[in-house]
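As a plain string of letters, each chain reads:
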Amino acid sequence: MPATTLDQLVSLCKRRGFVFPSSEIYGGLQGVFDWGPLGVELKNNIIASWWRTNVYERDDMEGLDAAILMNRLTWRYSGHEETFNDPLVDCRDCKSRWRADHIKGRCPNCGSTNLTEPRPFNMMFKTAVGPVADADSFAYLRPETAQGIFVNFGNVLATSSRKLPFGIAQVGKAFRNEINPRNFLFRVREFEQMEIEYFVMPGTEDEWHQRWLEDRLVWWESIGIPRARIRIYDVPPDELAHYSKRTFDLMYHYPTLGYEEVEGIASRTDYDLGSHSRDQETLNLTARANPNRESTARLTYYDPESKRHVVPFVIEPSAGVGRCFLAVLAESYDEQMVKAPPAERISAVSDALEAFLKSVGRSDKLAPETRDALLERGHAILAGMPETMPQIEALLAMPGAEQVELGKKLRGQAQGLVDEHFRTVLHLKSHLAPVRVAVFPLKRNHEGLVAMARDLRRSIQVGSFFRTVYDDTGAIGKLYRRQDEIGTPYCVTVDFQSLGDGTVTVRNRDTMQQIRIPASEVRAYVSNPS
Ligand code: GAP
């Protein structure tokens, strides 16, 4: 079963080093995260899969990596200076600030309805360029990667001899000064986007819009997110971004959050290339482009058939890497009971949980919403026992839980039992797994086993595009569990038989079945992505 709460994922990411709060030792920075050793591998594998599908496996795409800092005129003519705003309100009572469309007229901090009128807040970050910080020397950190593609349209066209339709793909950082960053990686201030600007002949955009929608759903399925878990939201006209004629948002059902946008597929018309072009009056633009006297180029395409210059229309599939990462984790997450715990030990944990919840209910140290969140989660776990027992750890990691004295006792009762009888497993597609293969010696103090396991690890790793690790820091059962939890599809054990006949066992993460094969065949065996 996929994850049921965001806390399960937050807890896993923390426990296993997928994601860290940025500059944590100084108290962190709200809405900014760092990728840990496993997180960076999973993230890079997601990006590589996206790039392979959208650039290498198509014959109508080019790649690009444009700079984050751009001439600020880019953002004037893209429309972002004027329109990239969120509605901001202040709570007059507790002085906190909120995004008006997220709070339904009531301050989430103190409950007051004494709020200011919403006013626009531009979300672009500014930075000074050069040694003198004055009104003219600033640049924006880009809030989307897309504009780097539009302003390079002429360069790519001239150097690649492409004909319409063709697209340009880019992966890179984007920055938004979100008023209330929240929900872990879901809404942050620094994030990565995987964006495609696909240029088509005017009049063919609706057909290409549909085709991209289909192609993108195929990719989501290939990384383990079935179609049935994604809803397509046909964005109503009054919610469309300023550049869009029509947009399909792909909404993934995130644990705790429900359906939320993971990718937008917009039909951007000739708005962007038109707005960045000079001599607009000669271009027959359909969009209400931003009048532009400062661009030095006309971003047009010469159509050899009609012998006319046209401004291509644009289809833009744009996905956030962090939201994709979260969806992949949620979808692949599973907690399984491997053998049933004895009834009396289940009762002992249930009793400890009940006592903990009573203590939460009585506590006057906890803020009401913190207390309610703990109670709601805790009672759901209690109702689902014993299957839900592994969720106790995430409950104890929730805000406020550390202030409840009985938490320690509950952890003491539950932890050993969970370790012994349950496993957390990420059923990641092999090509995404941070580690594809883990190699263990049956005994870490046996020279022959250790040497063979280390050699095998090296022979699998060299020349492979996936990661292979060696581990001897625990008993085999414990090592299997640790690898299950990070989604390693294959665990290879070198045992005494290996020393005699050169065979090893390969354990499958999902079935937990083992087969015995010659060590020399392991590399080929694990190389087939599933
Ligand atoms: N170029 C079009 C564009 O930027 P968008 O809908 O604003 O469109 C595209 O962003 C994607 O970027 C979203 O679907 C989402 O996955 C991701 N994204 C946007 N804002 C984000 C934020 N504050 N934190 C994390 N991801 C974000």
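Note that the structure is a prediction, hence the values are computed from the model and not measured. (Residues numbered from 1 in each chain as written. Predicted model: local features only at pLDDT ≥ 70, side-chain atom pairs only at ≥ 80, totals over all residues. Heavy atoms only, no water.)

We now examine helix 7 (residues 153-160). Residues of helix 7 that are buried include every one of F153, V156 and L157, and no others. Each buried residue of helix 7 sits inside an arc of 100° when the element is viewed along its axis, so together they form one side. Exposed and oriented more than 90 degrees from the buried face of helix 7 are A158 and T159. The inward-facing, buried residues of helix 7 contact strand 3 (61-64), helix 6 (146-151), strand 9 (166-175), strand 10 (190-200), helix 9 (271-275) and strand 14 (301-303). Backbone geometry just after helix 7 places S161 at a positive phi near 50°. (Buried < 20%, exposed > 50% of the residue type's maximum accessible area, 1.4 Å probe, protein only. Helix = DSSP H or I, 4+ residues; strand = E, 2+ residues; numbered from the N terminus. Arc of directions from axis to C-beta. Contact = heavy atoms within 4.5 Å.)

Counting 64 residues, the largest nonpolar core has F18, L42, I46, M194, W220, F325 and V328 as its most contacted members. Top element by residues in this core is helix 10 (residues 321-332). It accounts for eight residues. Per-domain counts for this core show at least three residues from each of domain 1 (41-68 + 143-330) and domain 4 (435-527). Sequence-distant contacts of V328, defined by excluding residues within four places in its chain, comprise L42, I46, I223, I225, L428 and L432. (Core = buried A, V, L, I, M, F, W, Y, C linked by side-chain atoms within 4.5 Å. Domains from an automatic or database assignment.)

Here we take up the sheet that holds strand 6 (residues 119-122). Pairing is antiparallel across the open sheet formed by three strands, whose spatial order is 5-4-6. Of all the strands in the sheet, just strand 5 (97-99) and strand 6 have a single pairing partner and so form its edges. The average undirected angle you get between the axes of adjacent strands in this sheet is 50°. (Pairing = 2+ DSSP bridges. Axes fitted to C-alpha atoms, helices over the stretch in contact; angles between N-to-C directions.)

This next bit is on the packing of aromatic side chains. One pass over the structure, following the stated rule, counts 16 aromatic pairs. Seen in terms of ring centroids, F33 and F184 are 5.4 Å apart; in terms of plane orientation they differ by 80°. Their pairing is edge-to-face. Placement of the pair is F33 in strand 2 (residues 33-35) and F184 in the loop between strand 9 and strand 10, with a sequence separation of 151 residues. Aromatic pair F150 and F199: ring centres 6.4 Å apart, planes at 80°, arrangement edge-to-face. With a gap of 49 residues between them, F150 in helix 6 and F199 in strand 10 connect regions that are remote in the sequence. We classify F199 as buried; its relative accessible area is 0%. Taken together, F150, F153, F166 and F199 form an aromatic cluster joined through their ring pairs. A cation sits over an aromatic face here: K126 above F138, 4.6 Å from the ring centre. (Phe/Tyr/Trp six-rings, centres within 6.5 Å; stacked < 30°, edge-to-face > 60°. Lys NZ or Arg CZ within 6 Å of the ring centre and 35° of its normal.)

Along its 20 residues, helix 2 (residues 37-56) runs 27 Å from first to last C-alpha, staying within 8% of the 28 Å computed at 1.5 Å per residue. Among all positions of helix 2, only L38, G39, L42, K43, N45, I46, I47, S49, W50, N54 and V55 are buried. (Expected span 1.5 Å × (residues − 1).)

Moving on to the domain arrangement of the protein chain. Split into domains, the protein chain comes out as domain 1 (41-68 + 143-330), domain 2 (72-141), domain 3 (338-426) and domain 4 (435-527). Between the C-alpha centres of domain 1 and domain 2 the distance comes to 24 Å. Interface area, domain 1 with domain 2, both sides summed: about 2,100 Å², of which 62% is carbon and sulfur. Summed over the shared surface of domain 1 and domain 2, the number is nine residue pairs in polar contact (both at pLDDT 80 or more). Of all the secondary structure elements, the ones that give two or more residues to the side of domain 1 that touches domain 2 are helix 6 and helix 9. (Buried area = accessible area lost by both parts, 1.4 Å probe. Polar contact = N/O pair within 3.5 Å; in protein donor to acceptor, adjacent residues only side chain to side chain.)

Here we come to the environment of V462. Its location among the elements puts V462 in the loop between helix 15 (447-461) and strand 20 (468-470). Residue classification places V462 among the exposed residues on the basis of a relative accessible area of 54%. Measuring from C-alpha to C-alpha, the distance between V462 and I486 comes to 22 Å, with 24 residues separating the pair along the chain.

Moving on: the UniProt feature "domain: Aminoacyl-transfer RNA synthetases class-II family profile" (unreviewed entry) in the protein chain. Under the local residue numbering, the UniProt record ascribes the feature "domain: Aminoacyl-transfer RNA synthetases class-II family profile" (unreviewed entry) to residues 7-341. Along residues 7-341, the helical share is 27% and the strand share 28%, with 24 Å between the first and last C-alpha atoms. (UniProt positions renumbered as here; feature names shortened; annotations may be inferred.)

This part is about the sheet that holds strand 12 (residues 246-254). Read from one edge of the open sheet, seven strands run 3-9-10-16-13-12-11, paired in mixed fashion. The sheet is open, and its two edges are formed by strand 3 and strand 11 (230-234), each paired on a single side. Taking each pair of neighbouring strands and ignoring which way they run, the sheet shows an average axis angle of 25°. Relative to strand 16 (residues 313-320), strand 10 runs antiparallel, the two being bridged by six bridges. Following the sheet pairing, M194 is matched in strand 16 by A319.

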